[in-house]
Structure formats: structure tokens, C-alpha cells
Amino acid sequence: MNKKINKVAVLGSGIMGSRIACHFANIGVEVLLLDIAPNALTSEEEARGLSLDHPAVKNRIVDAALQQTVKTNPSPVYSKSVLRKITTGNFSDDMAKIAGYDWVIEVVVENLDIKKKVFDQVEQFRKPGTLVTSNTSGIPIHMMAEGRSDDFRAHFCGTHFFNPPRYLRLLEIIPTKDTHPELVDFLMHYGDQFLGKTTVLCKDTPAFIANRVGVYSIMALLHLVEKMELTVEEVDKFTGPALGRPKSATFRTTDVVGLDTMIKVAKGLYDNCPDDKAHALFELPGYVKKMEANNWLGDKTKQGFYKKTKGADGKSEILALDLKTLEYRPQEKVKSATLELTKPIENVRERMKVFAAGKDKAAELFRASFFGLFEYVSDRIPEISDELYRIDDAMRAGFGWELGPFEVWDAVGIEASLEGMSKYGHEAAAWIHELLAAGNRSFYKLEDGIRKYYDIPTKSYKAIPGTEAFIVLDNLRANHTVWKNSGASIIDLGDGILNVEFHSKMNTIGGDTLQAINKAIDMAEKDYRGLVIGNDGANFSAGANVGMIFMMAVEQEWEELNLAVRMFQNTSMRIRYSSIPVVVAPHNLTLGGGCEFSLHADHVQLNAETYMGLVEFGVGVIPGGGGSKEFALRASDDYREDQIVQNALKERFLTIGMAKVSTSAVEALELGYLQKGKYTISMNRSRLIADAKAKAIELAEAGYTRPVPRKDIKVLGKQGLGIVYAGANTMYSGHYISEHDKKISEKLGWVMCGGDLSSPTEVTEQYLLDLEREAFLSLCGERKTLERIQSIVTKGKPLRN
């Protein structure tokens, strides 16, 4: 389908409608956001003498909804600037405008009759061929299409976004029997490449895939909690990050999403799935019914499974609900031998084996819940999906699970689980036994770097469709690693491109990481044509290994620390001045040294969700891996004849001095961490390494040549220092910063101004790097700096004399 989406109309401005509108604006699409016009004036409108026909009144509902959405945290927009892409209006005056839009998305209240009335208007004004979709989470898609024209039905399906749409990657595509197959293919591709989603094709069954499985899992857990007499704190401890789930785990997540939302889906499944073997589990436990009656729905009603209060000392305290007495009490510390055993294990698949074999309550809950889940998902094929990988994709992208249910089953072992399932009263579907009888032992396997899934109808393994556009380092590591050490690996991506992958904790940067980057550049300059620095970790890099810096400073090993900082600077400069193109591929946290590598790259291929910043001020030092130098260079490039040059210096100085971290890739540009023409955004995190590789090839084939080191960096010397020192002194005098912060500010100013030169002067990069390293080392010798670093390393324990 040769279709472009330039303009999208979103009908309904509630929580989901406004956030969907914001996300389309994030990617540059022009958005029309419509809602009903009010049928009565507010007292304020009456006092102003307005009528129901006044534009401000008619758009009051939609405007208020959008304004409220923009205030939410985390923000639904990459930058406030994207809001210019959204135009608001109302159904009465503006529905005719949808004739000029490429895609109409319905997001009104979950009521079939109301949705049909909206579609009546849509059918009246849409042009033939216009896409029309519904964001319903529960109403059957085919019922909304009944009675519509042939063209409407051919271009209609469900597109179920998960809330919040910017951050949750799942987009379920639910066609009807009349939906044009090419439209389905288009939406699967568009959601992936342009919206950054994991698009999952679903059947038109109750709650589709993610909510069907996810709500089953939650409801089963709610019943187990009662049966096993577990506390709220225990459940959230047992079902959180150790299990590869979000930190908010089970009950905290329910509070955030809203208990009423979960109850609504559960009741829908209870009503619409009478033949589901797990039907009884969708009946609400007694304590949940009482919470619903008490309106204890979570954050929206100020209390749910948790309640935030203030103690007698005025300090906030979060209380937990006692599920037996339904009274709030102070939280209790949770201990578990199984959890302790999982702590040193980085690989989440290996942690599953520890849970399965454990002897305490955490392990018992794991077996009781997952054995039931294994049965449930095996029974859902082919009801909700013909392919098992779609269920795993949906749960990872929609519920934030690191592993989907079939992936957990693989980790525990299919055959080993069957006996345990039987003991807990669960039985796997017949096709599971057929899989084992045929000599297969897993749902997924890796062949020649390609991940394949077990296809039930053909009883064979097939490549997962769509993943050919992705490069997954996990799949290449075993056979394509050409060099490695304790902190990083060099992997051959093919086509003459190498990749450096960090694998230290939080991907922090130490001597082994720097060694790997230099080794990769050596190898690439000799036998390859380009280099990518990227990884599949949760974060690109949390920055330099501050523990290493702390130990050297405490032991006063100044020469070793000087050499370490010099090596860091030299590595940043090699990234910039090697004879091959170097593309850095950041995502999520990209702090300190990770940011400095990005600053020196030939090109930055970054995920839209990249939180980039030079945060060294918080540790008590300045950026020492080339970041301070680079911001001085960029301030110099910002100077214009018609501009007060100090303003450019001030902006760059404050970005470092206030440790500003971008909340998106777009904001990273606004903060000066990116340069126009030298970055590209990958919306889909799964495409990042492949996109970075493609950019490295593009640069190589365009005849990449080594850049020339800069010798023309204009620094202001004493003229700039006077401004920096005066500003720092004013902030200190006003008690806005500490004496140590004042000292850090002056050190940064010294570097960015090129020292106390008598007049503005052009200097080299190396001149600034030497100043940067000297300032960094001097700050490392400050006790206040050591105390800050040590509090990070030892989590607040005091520094010994």
C-alpha cells in the first residue's frame, strides 16, 4: 500500500486520545484533535458573558484535556515545541475537516452506541481510502464495522495503543474479515518504523492478546495472594525487577494504572469468555470488591494498595494495605533467600531457574503463578494468536516484561516444567506434548544468528517475520565476536562494520571499555570500513566508573588518575579523528562519558527515548573525557558577528553547570548535545543497531575522510572568566549553591574560557583538553568531591578520615 501519513485526526481527547495525539505530533505529523462541545456554560464563562457558540466554550473540553495531558509527568511530548503540530476543535464545527486527513483514529468512551454515532459522522465526511481505526480495548472490532460502507470496512480495523503511548511500545493491530490485507501490512510497518512500536497482529477476541494474558496473570496472582497469605510488599518484591518485571511490580503498577481499569477488563473477560478454562479466576476476590466499593482505586483516588501520608514529623510515608484487615500500616521489610541468590545473576533467564528451584515463598509464588500461566498461554493458541511469538511480543511491549511467558518457559525448561505443572493442578495443551514428542526442546532456537520460533501448524521452526530488519547482538555474540575483554566485546556486524558492545554493570566506562574502543578502531582502520558503538542493554551508558576514580583519588594515585583521564580524552578524540566513520548509537540513559562519546562521533544514531547529559557536576567534578572541551568548541561555533558572544558561552556553560539531561532525543538537540546534520533518530529501539550500521556504511561509501583537528576555537579568556566568576559568586552569596559548587563552576569556566588569556584568542583542542584534565584532577583532590563520589559508590556511608 503506497500511502503516506502526513495528517491524523484523533476523535476523543480523554487520557488516551490526547496522549495519542501528542505522540503523532512527536514524530512530526500534523494532528487534529476533536471532542464534543459542552452543553452548558461554567460559572466563569457566564461571568464573562460568553455563549455556548463562542469558540472558547465549544473547544473548552478538548483544550482543557490537552493542557492537562501536557502537564503530566513523565511528559507525553518530546519537547513543548511539538505541540505546534496539534490543532484542537469540536465534533460540531470541525468534523468536516477530516476529509483532508490521511488517518482517523477514534478514541471516544468505551460505549458501542456512542462509537457508532461517531462513525456515522466519519462516514459522512471521510474521503474514500482514508484509514479509520478504533483504539478500543475491549469492544469487538467487527461490531463497530457493522452497517458501514464497503470502502469504510476495507479501510477499518482496531489499533490498540497502550497507555502511556509514548513510553509503552505495544500497538495491537486487530483487523476484521473485511479489512484490506495491504492495510494491515501497512499499519504493522508504520507502527514499527514511524511510531517506534512493537506491532502485534491480533485476532478479534476479548481483550485481544496483551490484556487477555496480562489480566489473567494479575487476577491469578490476586487469588494466590489470598490463598498463600502474602502481603502487598512481598508480592511487589517477588514480582519486580528480579523477575524481569518493572520496578512497580504488581500492586504499585495497579495503583498507577487504576484498579478500576483492571476490574473493568477482568469483568469483561468474565462476561465474554464463559468457556475459558480459567473463567473463575476473572471473578474478583473479596478484598478487591471491598476496595472497589471504598473507591480505593490507586493514585487517582489517593489510595489503593498503597497510601501516601504524612507522619507527626511532617515527613511523607507510604503505607501498605493489609489485605486481611483492609487497614493501612507501615511497610514491612521483605527478606527472601531466593531473591538473594538472584542478585549476582545479570542474565534474567538464569534467574528464572533459581526461582523455579527455590524453597521459600518467593519461589513458591513463582511456581504457582507461572505453572498456571504456562497452561493458560498454551491453551490460548490458536484462539487469540496462531503464533506463540506474538504473545511474548505483546507481554514484553505492553506490560514491560523482560521475557514473555513462552520465553520464561524456555528458561525453566519445557519438559522439566510439565511434572511441576501437574503437581499444581495444571496441564499443558496437546501441542506442547507434540512438540516434545517430535524431539524438540524449546519454543525458540538460534540458527546462523537468526532467532526462530516453533510454528505449531507446520511443527517446524521459522524465522520471526519482520525481524530481518533488526540486528540483535544477543543473536550474534556466540559466533561473531572477534575480540573481547571483561568490559566490552567487538562484534562483526557484517558488510565491513564492527560494533563495540559494553557489558559492565549499567554499561559504565572503565579502562577495559576504553581498551575495546581503541582496539576496535585499530581493527576497523586495518581490515574494515566503519565502526558502531552500541549495545542492547537497558541503558547505553551511565557514564564513567566513579568507583575507579574514587579509589585512585583516595589512594592519591595522581599519576595513574592522570593517565586514566588522558586515556579517556584520547579515546574520545580517536572516535572523532579515526580514518573510518564511527557511529555512536545511544538509547535511554546516556550520561557523562557515554554522552562524551556521542559528542565526538561522526554521526549519532539515537533512539527517540534517549536521556543524554553531562552530569559530572553532581559528582563534584567537570566533564573530563572531552565534554568540557567540546562545549567550549561548540560555543565558539555558536558565536556570530551580530551576537553578544557571552550569551553563547552562558548557554553552554549552564547546560553543564546545571547537569541538564534531555528527556528525549529532540531535547538533546535543543540542549546542544546533538548537532544538526550529524544525528538521526530511530523511533524503534529494536532498529537502532541496524540503522547505525546502515549509517556507517553510508558514510564509508560517500568517501569518508579523516577530519582535521581544530585549531580555531575562539575562547574569551579574562573577558568570559569575569562573567563566570561574578555569576558563581552571586549564586553562592544568595545561598543557591555551596562553596564547593562555586569552585566547580569556576573550574568549568576556566576551561571553557581558555584560562585567563588577556583577550579572546583562538586555541587548539589539545590546549583545552589539557586545561580540562588539570581541572578535573584538581577537583578529584577536594574532600567534598570525594564525599560525593563515595556516597554514590557506597550508597551514603560516610567517608573515613
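Analysis parameters
- Residues numbered from 1 in each chain as written.
- Predicted model: local features only at pLDDT ≥ 70, side-chain atom pairs only at ≥ 80, totals over all residues.
- Heavy atoms only, no water.
- Helix = DSSP H or I, 4+ residues; strand = E, 2+ residues; numbered from the N terminus.
- Rg over C-alpha atoms; globule rule 2.2 N^0.38 Å.
- Buried < 20%, exposed > 50% of the residue type's maximum accessible area, 1.4 Å probe, protein only.
- Contact = heavy atoms within 4.5 Å.
- Areas by Shrake-Rupley, 256 points an atom, 1.4 Å probe, with all protein chains shown as cover.
- Pairing = 2+ DSSP bridges.
- Axes fitted to C-alpha atoms, helices over the stretch in contact; angles between N-to-C directions.
- Core = buried A, V, L, I, M, F, W, Y, C linked by side-chain atoms within 4.5 Å.
- Expected span 1.5 Å × (residues − 1).
- Polar contact = N/O pair within 3.5 Å; in protein donor to acceptor, adjacent residues only side chain to side chain.
- Salt bridge = Lys/Arg side-chain N within 4 Å of Asp/Glu carboxyl O.

Draft legend 1. A look at the overall build of the chain. Along the backbone of the chain there are 34 helices and 25 strands. A globule of 801 residues ought to have a C-alpha radius of gyration of about 28 Å, and the chain, at 29 Å, matches this closely. Here the chain holds 801 residues, and 53% of them are scored as buried. Taking all contacts inside the chain whose residues are at least 6 apart in sequence as the whole, residues at least 24 apart take part in 70%. Working note: accessible area of the chain is about 34800 Å², and carbon and sulfur atoms make up 51% of it.

Draft legend 2. Quick look at the sheet that holds strand 10 (residues 316-322). Here we have three strands laid out as an open sheet, ordered 9-10-11, and antiparallel in their pairing. The two strands at the open ends of the sheet, each matched to only one other strand, are strand 9 (306-310) and strand 11 (327-330). Strand-to-strand twist of the sheet, defined as the mean angle between neighbouring strand axes without regard to direction, takes the value 45°. By the bridge criterion, five bridges tie strand 9 to strand 10 in an arrangement that is antiparallel. The residue of strand 10 that forms the bridge with K308 is I318.

Draft legend 3. Structural view of the nonpolar core. By size, the foremost hydrophobic cluster in this structure holds 115 residues, and its most contacted members are M352, F406, W409, W431 and F443. Looking at which element gives the most residues to this core, the answer is helix 10 (residues 210-228), with eleven residues. Among residues more than four places away in sequence, those in contact with W409 are F374, S378, I414, S417, L418, M421, A428, I432 and F443. If you look at the next biggest cluster of nonpolar residues, it comprises 73 residues, including V565, V582, A648 and F653.

Draft legend 4. Focus on helix 23 (residues 511-527). Taking 1.5 Å per residue, 17 residues should reach 24 Å; helix 23 reaches 24 Å between its end C-alpha atoms and fits that length. Listing the buried residues of helix 23 in full gives T513, L514, A516, I517, N518, A520, I521, M523 and A524. Looking at the buried positions of helix 23, the neighbouring elements they touch are strand 15 (481-484), strand 16 (488-494), strand 17 (497-502), strand 18 (530-533), helix 25 (558-577) and helix 26 (593-599).

Draft legend 5. Broad picture of the side chain of R329. Topologically, R329 is positioned in strand 11. The class for R329 is buried, based on a relative accessible area of 15%. Within the structure, the side chain of R329 is placed 2.6 Å from the side chain of E233, a separation counted as a polar contact. Among residues more than four places away in sequence, those in contact with R329 are T231, E233, L319, A320, L321 and D322.

Draft legend 6. Up close: the pattern of salt bridges. Evaluated as defined, the whole model comprises 59 salt bridges. Where E234 meets K361, a salt bridge forms, and the shortest distance between an N and an O atom there is 2.5 Å. Of this pair, E234 sits in helix 11 (residues 232-238) while K361 sits in helix 17 (residues 361-379), and the two are 127 residues apart along the sequence. Assessed through its relative accessible area of 40%, K361 is described here as partly exposed. Of the charged contacts in the structure, one is a salt bridge between R634 and E630, with a shortest N-O distance of 3.1 Å. Note that R634 and E630 are positioned in helix 27 (residues 627-638) at a spacing of four residues, about one turn of the helix. Each member of the pair, R634 as well as E630, carries the same accessibility label: buried. A single salt-bridge network, built from bridges that share partners, covers R576, K629, E630, R634 and E765.

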